[in-house]
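Fold and contact review
The primary structure of each chain is shown beneath.
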Amino acid sequence: MTKRGAFIVIEGLDRSGKSTQAATLLKRLQDAQSPAKLINFPDRTTAIGKMIDSYLRSESELDDRAVHLLFSANRWELAKSIEETLQSGETIICDRYAFSGIAFSASKIRPGTNSYPLLDYSWCRAPDVGLPAPDMTIFLDVTQEVARARGGYGEERYEKEGVQRRVRDVFERVAEEVEGSGGRWVLVNADESEEEVQKVVWDTVKEIIGGIEGPIEKLWDDK
Ligand code: DGP
Ligand code: NA
Ligand code: NA
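Definitions and cut-offs
- Residues numbered from 1 in each chain as written.
- Chains lettered and ligands numbered in written order.
- Predicted model: local features only at pLDDT ≥ 70, side-chain atom pairs only at ≥ 80, totals over all residues.
- Heavy atoms only, no water.
- 1 Å grid on protein atoms, 1.4 Å probe; cavity = no way out; pocket = protein on both sides within 12 Å on 5 of 7 lines; lining within 4 Å.
- Points joined across faces, edges and corners; volume = space filled by probe spheres on them.
- Helix = DSSP H or I, 4+ residues; strand = E, 2+ residues; numbered from the N terminus.
- Phe/Tyr/Trp six-rings, centres within 6.5 Å; stacked < 30°, edge-to-face > 60°.
- Buried < 20%, exposed > 50% of the residue type's maximum accessible area, 1.4 Å probe, protein only.
- Pairing = 2+ DSSP bridges.
- Axes fitted to C-alpha atoms, helices over the stretch in contact; angles between N-to-C directions.
- Nonpolar A, V, L, I, M, F, W, Y, C, P; charged D, E, K, R; others polar.
- pLDDT = per-residue confidence, 0-100.
- Donors = N, O, S within 2.8 Å, 3.2 Å for Na, K, Ca; no water.
- Parallel < 35°, antiparallel > 145°, perpendicular 65-115°, else oblique.
- Left-handed = near helix turned anticlockwise from the far one by under 90°.
- Contact = heavy atoms within 4.5 Å.

1. Observations concerning empty space enclosed by the protein
Over the atoms rolls a probe the size of a water molecule, and in doing so it shows where empty space is left. According to the stated counting rule, one finds one cavity of 30 Å³ or more in the structure shown. Volume-wise, the largest cavity comes out at about 40 Å³. Mapped by element, the contributors of at least two residues to the lining of the largest cavity are α1 (18–31) and α8 (194–205). The biggest single contributor to the lining of the largest cavity is α1, with four residues.

2. Some remarks on the packing of aromatic side chains
Inspection of every chain in the model, using the stated rule, returns 10 aromatic pairs. Ring geometry for Phe171 against Trp185: centres 6.4 Å apart, planes inclined by 45°, an arrangement best described as tilted. Here Phe171 is found in helix α7 (residues 161–180), whereas its partner Trp185 is found in strand β5 (residues 185–189), with 14 residues between them in sequence. Each of the two residues, Phe171 as well as Trp185, counts as buried.

3. What about the sheet that holds strand β4 (residues 136–141)?
A sheet is described by the order of its strands in space; here five strands give the open sequence β2-β3-β1-β4-β5, paired in parallel fashion. Only two strands of the sheet have a single neighbouring strand rather than two, namely β2 (36–40) and β5. Mean inter-strand twist for the sheet, computed between neighbouring axes without regard to direction, equals 20°. Inspection of the sheet shows β2 paired to strand β3 (residues 91–95) by five bridges, in the parallel sense.

4. Thoughts on the layout of surface pockets
If you add up the space inside the largest pocket, you get close to 460 Å³. Surrounding the largest pocket, 26 residues form its lining, Asp14, Phe41, Pro42, Arg44 and Arg96 being those nearest its centre. Each residue belonging to the lining of the largest pocket can be placed in one class, and the counts come to eight nonpolar, nine polar and nine charged. In this structure, the second largest pocket encloses a volume near 350 Å³. Surrounding the second largest pocket, 19 residues form its lining, Ala133, Ser181, Gly182, Gly183 and Glu217 being those nearest its centre. Its residues placed into classes, the lining of the second largest pocket shows eight nonpolar, four polar and seven charged.

5. Remarks on the confidence of the model for the protein chain
Within the protein chain, residue pLDDT values average 95, and 99% of them lie at 70 or more. The complex prediction reports pTM at 0.96, with the ipTM value standing at 0.96.

6. Focus: the coordination of the sodium ion (ligand 2)
Coordination of the sodium ion (ligand 2) by the protein comes from Asp14 (OD) and Glu159 (OE), over a distance range of 2.6 to 3.1 Å. With Asp14 in the loop between β1 (7–12) and α1 and Glu159 in the loop between α6 (144–149) and α7, the pair connects residues that are 145 residues apart, well separated along the chain. Owing to a relative accessible area of 16%, Asp14 belongs among the buried residues under this scheme.

7. Things to note about the packing of helix α2 (residues 47–56) against helix α3 (residues 64–87)
Direction vectors running N to C along α2 and α3 enclose 140°, while the axes themselves pass 9 Å from each other. The angle between the axes of α2 and α3 places the two elements in the oblique class. Between α2 and α3 lies a crossing of left-handed hand. Residues Ile48, Gly49, Met51, Ile52, Tyr55 and Leu56 of α2 lie in contact with α3, whose contacting residues are Asp64, Val67, Leu70, Phe71, Ala73, Asn74 and Glu77. Tallied by class, the residues present in the contact of α2 with α3 amount to nine nonpolar, two polar and two charged.

Structure representation (structure tokens):
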């Protein structure tokens, strides 16, 4: 049986080094003659992505539920192409996916309070049920101290310490759930140097770059 490509998701907080690590991993795979491509969510190039981009840069306001569904729709509009790429034998490295969708939305607080969720966890998960499931998710875990030392956050909507702390809490629940449903969630200490993280990521990914034998699973299919 011919093998399909592996679907590798990289998740993490802002300033975790996620995009740099994803780019390095792509290069390493290519150097190893393993066909691979990098994709990125939110994909700001599509019509839906442009709405998300303007929201993230605070150039527009959108209802919290509406924007959550846009992020999910942005993944769905690429779902078929993800499957085709994997079936063609190419590995996909994906910078953020549905797990960010839950973590960033289910951590929103009620206006004027410190309590969350504004949006219920399972409500947040629902629109992403059935998307292609990753074969492995690498979570780059960075502490606030190190994020701060790396120059702090940018100007976008969620790039604030309070937000990132709550997001991290929800990611912990997501991790438990992914592992509980048989998925692979690999926690990597992203406070380490860029080179050290690269090494850990490569050691983790090496075993699946030869391709995957089984079918592409569906995300949270049993829910
Ligand atoms: P990035 O371009 O990867 O830095 O992502 C931009 C921001 O959008 C980042 O703060 C995380 C957030 N984000 C990514 N995916 C989702 C999602 O599905 N839902 C929500 N609410 N936020 C998301
Ligand atoms: Na960001
Ligand atoms: Na991204």
